[in-house]
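Listed below, chain by chain, are the residues.
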Amino acid sequence: MPLVTPVTKLLNIRIPIVQGGMQWVGVPKLVAAVSNAGGLGVITALTQPNPAALRNAIRETRSLTSKPFGVNITLLPSINPPDYAGYARAAVEEGVKIFETAGNNPGELIRFFKSNGCVVIHKCTTIRHAKSAVKLGVDILSIDGFECAGHPGEEDIGGLVLLARAAKELNVPYLASGGIADARGVAASLALGAAGVNMGTRFMCTVESPIHENIKKTIVASSEQDTVHIFRTLHNTARVFKNKVSMEVVQIERRPGGAKFEDVRELVSGQRGKVVYENGDPDYGIWSAGIAMGLITDIPTCDELLRTLEKGTEDIITNLSTVVVKSKL
Ligand code: NAD
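In this convention, every chain numbers its residues from 1, walking through the sequence in written order. Only residues with pLDDT of at least 70 get local features here, since the model is predicted, and only at 80 or more are side-chain atom pairs given and counted; chain-wide, interface and lining totals rely on the full set of residues. Note that water and hydrogens are dropped before the side-chain values are worked out from all heavy atoms of the structure.

Peer 1: Give a description of the overall build of the chain that names residues and reports values.
Peer 2: Secondary structure is summarised from DSSP: a helix means a run of H or I of at least four residues, a strand means a run of E of at least two, and numbering begins at the N terminus for each. In terms of regular secondary structure, the chain is built from 14 helices and ten strands. It is over C-alpha atoms that the radius of gyration is taken, and the globule rule equals 2.2 Å times the number of residues to the power 0.38. Its C-alpha atoms give the chain a radius of gyration of 19 Å, near enough to 20 Å, the size a compact globule of 329 residues would have. Summary of the burial criterion: residues with accessible area below 20% of their type's maximum are buried, those above 50% are exposed, and those between are partly exposed, where the area comes from a 1.4 Å probe applied to protein chains only. When burial is assessed residue by residue, the chain has 54% of its 329 residues classed as buried. Across the chain, contacts joining residues at least 24 apart in sequence account for 62% of those joining residues at least 6 apart. Each accessible area is a Shrake-Rupley estimate made with a 1.4 Å probe; only the visible protein chains count as cover when residues are assessed. Working note: accessible area of the chain is about 14,500 Å², and carbon and sulfur atoms make up 54% of it. Positive residues here are Lys and Arg, negative ones are Asp and Glu, while His and the chain termini are left out of the count. Lysine's charge is taken at NZ, arginine's at CZ, aspartate's at CG and glutamate's at CD. Looking at charge distribution, the chain has the averaged site of its 35 positive side-chain charges lying 5 Å from that of its 32 negative ones. In what follows, a contact means two residues having at least one pair of non-hydrogen atoms within 4.5 Å.

Peer 1: I'd like to hear about the sheet that holds strand β1 (residues 17–19), residue by residue, with values.
Peer 2: For two strands to be treated as a pair, DSSP must find no fewer than two bridges joining them. The strand order across the open sheet built from eight strands is β1-β8-β7-β6-β5-β4-β3-β2, with neighbouring strands paired in parallel fashion. Only two strands of the sheet have a single partner each, and these edge strands are β1 and β2 (41–44). Adjacent strand axes in the sheet meet at a mean angle of 25°, parallel and antiparallel pairs treated alike. Bridge count between β1 and strand β8 (residues 197–199): three bridges; the pairing is parallel. Angles shown run from 0 to 180 degrees and are taken between the N-to-C directions of axes, each axis being a line fitted to C-alpha atoms and, for helices, limited to the stretch in contact.

Peer 1: I'd like a rundown of the packing of aromatic side chains, residues and numbers included.
Peer 2: Between the rings of Phe, Tyr and Trp (Trp by its six-membered ring), a pair exists once the centres lie within 6.5 Å; its type follows the angle of the planes, with under 30 degrees stacked, over 60 edge-to-face, and the other angles tilted. Enumeration over the complete set of coordinates arrives at five aromatic pairs. Arranged with centres 6.1 Å apart and planes meeting at 50°, the rings of phenylalanine 231 and phenylalanine 261 form a pair that is tilted. One end of the pair, phenylalanine 231, is in the loop between β9 (227–230) and β10 (238–241); the other, phenylalanine 261, is in helix α12 (residues 261–268), with 30 residues separating them in the sequence. Take phenylalanine 231: its relative accessible area is 9%, and that puts it in the buried class.

Peer 1: How would you summarise the pattern of salt bridges if you had to cite specific residues and measurements?
Peer 2: The salt bridge definition used is simple: a Lys or Arg side-chain nitrogen within 4 Å of an Asp or Glu carboxyl oxygen. Taken as a whole, this structure holds 13 salt bridges when the rule is applied. Residue arginine 55 pairs with glutamate 93 through a salt bridge whose shortest N-O separation is 2.4 Å. Here arginine 55, found in helix α3 (residues 51–64), pairs with glutamate 93, found in helix α4 (residues 84–93); they are 38 residues apart in sequence, far enough to count as distant. Using a relative accessible area of 23% as the deciding quantity, one classes arginine 55 as partly exposed. Put simply, aspartate 156 and arginine 232 hold a salt bridge, and the shortest N to O gap is 2.8 Å.

Peer 1: Describe the pairing of strand β3 (residues 69–75), and please don't skip the residues or the numbers.
Peer 2: On a regular strand, one side chain projects to one face of the sheet and the next to the other, so that they alternate. The buried fraction of β3 is high, at six of seven residues. Pairing between β2 and β3: four bridges, direction parallel. Its bridge partner being in β3, valine 42 is matched across the sheet by glycine 70. With the strands pointing away from the viewer, any crossover whose connection runs clockwise from the first strand over the helix to the second is right-handed. Once you follow β2 into α3 and on to β3, the crossover reads as right-handed. The handedness of the β3 to strand β4 (residues 98–103) crossover, carried by α4, is right-handed.

Peer 1: Which residues make up the nonpolar core, and what are the values?
Peer 2: Ranked by size, the top nonpolar core spans 70 residues in total, and within it Val71, Leu141, Ile143 and Phe203 carry the most contacts. The domain limits used here are those given by an automatic or database domain assignment. No fewer than three residues from each of domain 1 (6–210 + 307–328) and domain 2 (227–288) sit in this core. For this analysis, a nonpolar core means a set of buried residues of the types Ala, Val, Leu, Ile, Met, Phe, Trp, Tyr and Cys, connected via side-chain atoms within 4.5 Å.

Peer 1: Requested: an account of α4, with residues and values cited.
Peer 2: Counting buried residues in α4 gives seven out of ten residues, a clear majority hidden from the surface. Restricting attention to buried positions, one finds in α4 the residues Tyr84, Gly86, Tyr87, Ala88, Ala90, Ala91 and Val92. Looking at the packing, one finds that the buried side of α4 touches α3, β3, β4 and α5 (107–115).

Peer 1: How would you sum up the site of the ligand? Please name residues and give values.
Peer 2: What makes a residue near a molecule or strand is one non-hydrogen atom of that residue sitting within 4 Å of it. Taken together, 18 residues form the shell around the ligand, and within it Gly21, Pro77, Ser78, Ile79 and Gly270 come nearest. The separation between an oxygen atom of the ligand and a polar side-chain atom of glutamine 23 is 2.9 Å. Within the side chain of threonine 74, one N or O atom sits 2.8 Å away from a nitrogen atom of the ligand. Taken together, the elements giving at least two residues each to the shell around the ligand come down to β3 and α12. Amino acids are sorted into nonpolar (Ala, Val, Leu, Ile, Met, Phe, Trp, Tyr, Cys and Pro), charged (Asp, Glu, Lys and Arg) and polar (every other residue, Gly among them). In the shell around the ligand, the residues fall into eight nonpolar, ten polar and no charged. Structurally, the shell around the ligand is a two-domain feature, drawing no fewer than three residues from each of domain 1 (6–210 + 307–328) and domain 2 (227–288). Residues adjacent in sequence count toward polar contacts only when both atoms are side-chain atoms; beyond that, a polar contact is any pair of N or O atoms within 3.5 Å, and within protein one must be able to donate a hydrogen and the other to accept it.

Set out below in C-alpha cells:
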C-alpha cells in the first residue's frame, strides 16, 4: 500500500518524508541520499558561505541525484545578517523548483518564489502564522511542534494539539514536524491529518549525514532528556543539545537583570557549533538536537531508514484497521 498523499504528488516524491533544513547538515551528499531514497532532500542555503557557493552546492546535488530536491532559507536573527535575496535569486536561477522557508517575516521571499512558479513549503510553529503563510500563497505548511530541534517559536505548543488544530483549520496540505523519528510518529502524523512528515535530528544520525561519527554516536546514546532551551529570555528560543556550553548560556540568561545577546555571543556562535560536527566533541559548542533523540537507536543509510519507516508505517496502518474492525465485532 503506497503512502500516496497530496505532498508526494506536489513534490513528485515516493514517500511523504522531507529532510528539513539544518545548519551545517543539509549539504549535497545528505540531500541527494534522501532524494535518491524516495524522500525530499533539502539543501540549507545559509550553510553555504555565499550565493555563489549555493550555486555550486545545487550543481553538486544534481550530479548526485536526478530526483527532486529543495532549498531551505531560514530568516532568524544572525550574527552576520545573510544576503537572503541573493541566495534566493541564485537558487531560482539554478532552476530549483522547491523551497522551504522558515522564520520571521517570510512574505517577500514567498512572493518571490511563487512569482517564479516554485512550490513553497513554509515551516511555522503556530496556526496563526500558518494562516498568514496560506494568504501569501504557500503550497505546503510544515507544522513544527514544541518537540523540534532548533527554533520552536515562543508559544510552546506540542505537536499533538498543533496538528489536530491544523486538521480543523487549514485548507492546504501540511507536514508534521518535531519529535518524529520512527514509524509510529509517521503513522500518528497521518492520523492527525498530515500529508507527510519533516524530520531533522533523525537525518543527522544517518550514514550520509556529514557530521562527525562521534556526534552520531552521541545522539544514539542520548535520550529525550538531553536537550535544553537557550535564548528563552531573548525571544529567539532554540532547543539544542544539553552540554557544558548550552548550560552556561542558560546560567548567564538567569543572572539577575537578565542577559543581552552580546553576553552569550561567543558561546553560541554558529561558527563554533560547526566545529562540533567537524571534530566530534559534543561539548565544544552549541548544536541543535530535538527530543526525537530518545527514539534514535541506530545509524542507518537514508535508504534503509526510509524503507524501514515506509514498511513500519504501512504495518501500523494495516494493524490499526484490523484492531478497529475487531473492536466492532
Ligand atoms: P549565528 O552564528 O549567526 O547565531 C547563532 C545563534 O544565535 C542562532 O541561533 C541565531 O538565531 C542566534 N542569534 C544571532 N543573533 C542574535 C540576536 N541578536 N539575538 C538573539 N539571537 C541571536 O548563526 P549560524 O549558526 O551562523 O546560522 C545562521 C542563521 O541560520 C541563524 O539565523 C540561525 O538561527 C539560522 N539557522 C538555520 C537553520 C536551518 O535549518 N536552516 C538551523 C539553525 C539555525
